[in-house]
Amino acid sequence: MPSHTFADRPAPQPPERDAVEALISRTRRLRGDVDAVRRDTSVIEEDDPQVRWQRALCDLAVHQLDDLGEHLGQLKDGIPAEADDEPAGAADGDTTDVPRPGSLLSRVGSAEWNLLTDEVSWSDELYQIFGRSPETEPLSLDELPSLLLAEDQPLLMSMVTDCLVDGRPIDGEFRILLPDGRMRTVHMMGEPVLDADGCTASMWAVLRDVSRLRRSQHLMSRTRDSLRRGQQIARTEHRMAVELQEAVLPPWRGSLATPGRGSGALDTAAHYLPSESSNLIGGDWYDALQLPDGRTLLTVGDLTGHGIPATSAMAMLLGALRGMAMAGIEPGAVMGHLNQLIESSVQPVLGSAVCCRFDPATGTLAWAQAGHPAPLLFRNGVGRPLPMPDGVLLGAASAVSYEQDQVTLLPGDVLMLHTDGLTRQRDRSAGPDALLGLAPRFAQARTAQDCVRTVVEEFGGTERLDDACVLVARVGA
């Protein structure tokens, strides 16, 4: 807003009106697009830190586009008429051209301080910004700091001194206290006006209320910081969940051969398959454990939830299951004790599990399940699920018993245990039929590890909705 004392400077040429109108149209369209994005984010979960950050960015962009549109409107309309030239209708209550409260025009004011005559002139808008009546005297440069917060007063005095003494332009922000106790943030730009001898004759400035803009920026910054903290916490929890899972699942990787050779010896392999989002570490487990009496424990399970709560609960249950199996407790009774353990835990969860105990001397497999997919038996190139004994989900009911069944495995048989996430994928939910279709390939496999590789080739894609475990046991021929 150039001072009238700059008579020696060439007058700026106004821009073409059509070009400004084109910019206004583009700004309005862009503002509408941003507002549409903002409305879309308002229907999403409010507690999501990323959504709050996106919404704050949209609010900030809308504020800035509103200001840009009003700036361009001023540019199109040209310099406003002086008070003496106002239309007669204004005196009769016609306020069409009066800036509306909160608009850009009401938030930008100007002032000039004449050092030679001590005259001070403030625009009406500046009175509004400082919350003062136009009937009061405008403040001098010595009085102006009294309206600022104490910590901002040195900044203003330094800017004014640099301008008046060293001829430096002013460009800075400070906070003011209004008569009603509210606070505003004001951005001040100005420069000295020199006389014919090159000495400072006066100082003019444009002051803008940027409180809304700074609040939007502050909100955006806070939501961004909150999002970053949330992401950092998520990464830390993910790493801890992975470390806990790796510590709890069996130390062997790939295959595990139980003692013994030939008929009845058990060749075991297992694999953990992460979900599409590797951040979702769930409570899936698998285990194969040689028992003191020569029999072998085979188990897989899945708990609801993800992250540290799920993996810690999984660690508790798998430890208890191993201990009971080592003590010789039957699979059906093991399921009942696990259900009681979940009931008494601080953070109850729901879970499914299958527990099998294989006796290589007799080829007998005793097993029980708790709301879990049945083991799949592959024999002579044909697969089928084992008949299901009764068993509800772990943690779903109190004082329940779990049936136990048994089946005889023959040399060359392949037994597959898996969690339901193995076949639950984004484009389909194939169920056990897709796994049973692998029977011809299992018949050609020489080891349990070969069977696991086949499963991973078919179901190890990145489109998985949940993590999963698969355990394959092959009876030696």
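Computed from a predicted model, the values in this text were never measured in an experiment. (Residues numbered from 1 in each chain as written. Predicted model: local features only at pLDDT ≥ 70, side-chain atom pairs only at ≥ 80, totals over all residues. Heavy atoms only, no water.)

Applying the stated rule across the entire model yields three aromatic pairs. Here Phe378 and Phe442 contribute two aromatic rings whose centre-to-centre distance is 4.7 Å and whose plane-to-plane angle is 70 degrees, an arrangement assigned as edge-to-face. Here Phe378 is found in strand E12 (residues 376-379), whereas its partner Phe442 is found in helix H10 (residues 439-444), with 64 residues between them in sequence. Within the aromatic cluster, the residues linked to one another by ring pairs are Trp122, Tyr127 and Phe130. (Phe/Tyr/Trp six-rings, centres within 6.5 Å; stacked < 30°, edge-to-face > 60°. Helix = DSSP H or I, 4+ residues; strand = E, 2+ residues; numbered from the N terminus.)

Next up on the list: the sheet that holds strand E10 (residues 351-359). Reading across from one edge, E8-E9-E10-E11-E14 is the order of the five strands in this open sheet, with antiparallel pairing throughout. Bordering the open sheet on either side are strand E8 (285-290) and strand E14 (405-408), each of which pairs with just one other strand. The sheet shows a mean angle of 15 degrees between the axes of neighbouring strands, taken without regard to direction. Taken together, the eight bridges between strand E9 (residues 296-303) and E10 define a ladder with antiparallel strand orientation. By the bridge assignment for E10, Leu297 is matched with Arg357. In this fold helix H7 (residues 308-326) packs onto E8, E9 and E10, with an angle of close to 20 degrees to the strand it touches most, E8. Helix H8 (residues 331-344) contacts E10 and strand E11 (364-370) of the sheet and is inclined by roughly 25 degrees relative to E11. (Pairing = 2+ DSSP bridges. Axes fitted to C-alpha atoms, helices over the stretch in contact; angles between N-to-C directions. Contact = heavy atoms within 4.5 Å.)

Over its 14 residues, H8 extends 20 Å from the first C-alpha to the last, a length consistent with the 20 Å expected when each residue adds 1.5 Å. Of all the residues in H8, the buried ones are Pro331, Gly332, Val334, Met335, Gly336, Leu338, Asn339 and Ile342. Buried residues along H8 sit against H7, E10 and E11. (Expected span 1.5 Å × (residues − 1). Buried < 20%, exposed > 50% of the residue type's maximum accessible area, 1.4 Å probe, protein only.)

To continue, consider the packing of H7 against H8. A pair of packed helices is captured by two measures, namely the crossing angle of their axes and the spacing between those axes. The contact between H7 and H8 brings their axes to 10 Å, and the two run at 145 degrees. The element H7 and its partner H8 pack so that their crossing is right-handed. From H7, Met316, Leu317, Ala320, Leu321 and Met324 reach across to H8, where they touch Val334, Met335, His337, Leu338, Leu341 and Ile342. Its residues placed into classes, the contact of H7 with H8 shows 10 nonpolar, one polar and no charged. (Left-handed = near helix turned anticlockwise from the far one by under 90°. Nonpolar A, V, L, I, M, F, W, Y, C, P; charged D, E, K, R; others polar.)

As a further point, take the sheet that holds strand E4 (residues 183-194). Within the open sheet, the five strands sit side by side as E2-E1-E5-E4-E3. Their pairing is antiparallel. Only two strands of the sheet have a single partner each, and these edge strands are strand E2 (120-122) and strand E3 (170-177). Across the sheet, the mean angle from the axis of one strand to that of its neighbour is 20 degrees, orientation sign disregarded. Both strand E1 (residues 108-114) and E2 contribute to a ladder of three bridges, which runs antiparallel.

Of note in this structure, Asp118 is not a glycine but carries a positive phi near 65 degrees. Positionally, Asp118 belongs in the loop between E1 and E2. Given the relative accessible area of 66%, Asp118 is considered exposed.

If you check helix H11 (residues 448-459), its first and last C-alpha atoms are 17 Å apart, about what 12 residues at 1.5 Å a residue would give, namely 16 Å. Within the span of H11, buried status applies to Ala448, Gln449, Cys451, Val452, Thr454, Val455 and Phe459.

Relative to the elements of secondary structure, Trp367 occurs in strand E11. The class for Trp367 is buried, based on a relative accessible area of 1%. C-alpha of Trp367 to C-alpha of Met388: the two residues are 21 residues apart in sequence and 9.5 Å apart in space.

Turning to the nonpolar core, a few remarks are in order. Judged by nonpolar contacts, the single largest core of 49 residues is most densely connected at Trp285, Leu298 and Met335. Considering every element that reaches this core, the biggest residue donor is H7, with seven residues. Contact partners of Met335, with chain neighbours within four places excluded, come to Leu321, Ala353, Cys355, Ala368, Gln369, Ala370, Leu394 and Tyr402. Ile129, Leu139, Phe174 and Met188 belong to the second-largest nonpolar core, a separate cluster that totals 25 residues. (Core = buried A, V, L, I, M, F, W, Y, C linked by side-chain atoms within 4.5 Å.)

The alternating pattern of E3 places Ile170, Gly172, Phe174 and Ile176 on a buried face and Asp171, Glu173, Arg175 and Leu177 on a face that is not buried. As paired elements, E3 and E4 share eight bridges and run antiparallel to each other. Residue pairing in the sheet places Arg175 in a bridge with Thr185 of E4. In this structure, the hairpin formed by E3 and E4 is closed by a connection of five residues, where Gly181 is found at a positive phi of approximately 95 degrees.

What follows concerns the pattern of salt bridges. Per the stated rule, a full pass over the model turns up 16 salt bridges. The partner of Glu151 in a salt bridge is Arg175, with the nearest N and O atoms 3.5 Å apart. Linking Glu151 in the loop between helix H4 (124-130) and helix H5 (153-166) with Arg175 in strand E3, this pair joins segments that are 24 residues apart in sequence. The network of salt bridges with shared partners includes Arg31, Asp35 and Asp66. (Salt bridge = Lys/Arg side-chain N within 4 Å of Asp/Glu carboxyl O.)

So, about the confidence of the model for the chain. Averaged over every residue, the pLDDT of the chain is 81; residues scoring 70 or more account for 81%. The model gives residues 79-106 a pLDDT under 50, and that stretch makes 20 contacts with residues more than four places away or in other chains. (pLDDT = per-residue confidence, 0-100.)

The buried count for strand E15 (residues 414-418) comes to five of five residues, which makes it a mostly enclosed element. By the alternation rule, side chains of E15 split into Val414, Met416 and His418 and Leu415 and Leu417, which are all buried. Here E12 pairs with E15 via three bridges, running antiparallel. Across the sheet, Leu376 pairs through a bridge with Met416, a residue of E15. Where E15 lies against strand E18 (residues 468-475), five bridges are found, and the strand directions are antiparallel. Counted as the bridge partner of Leu417 is Leu471 from E18.

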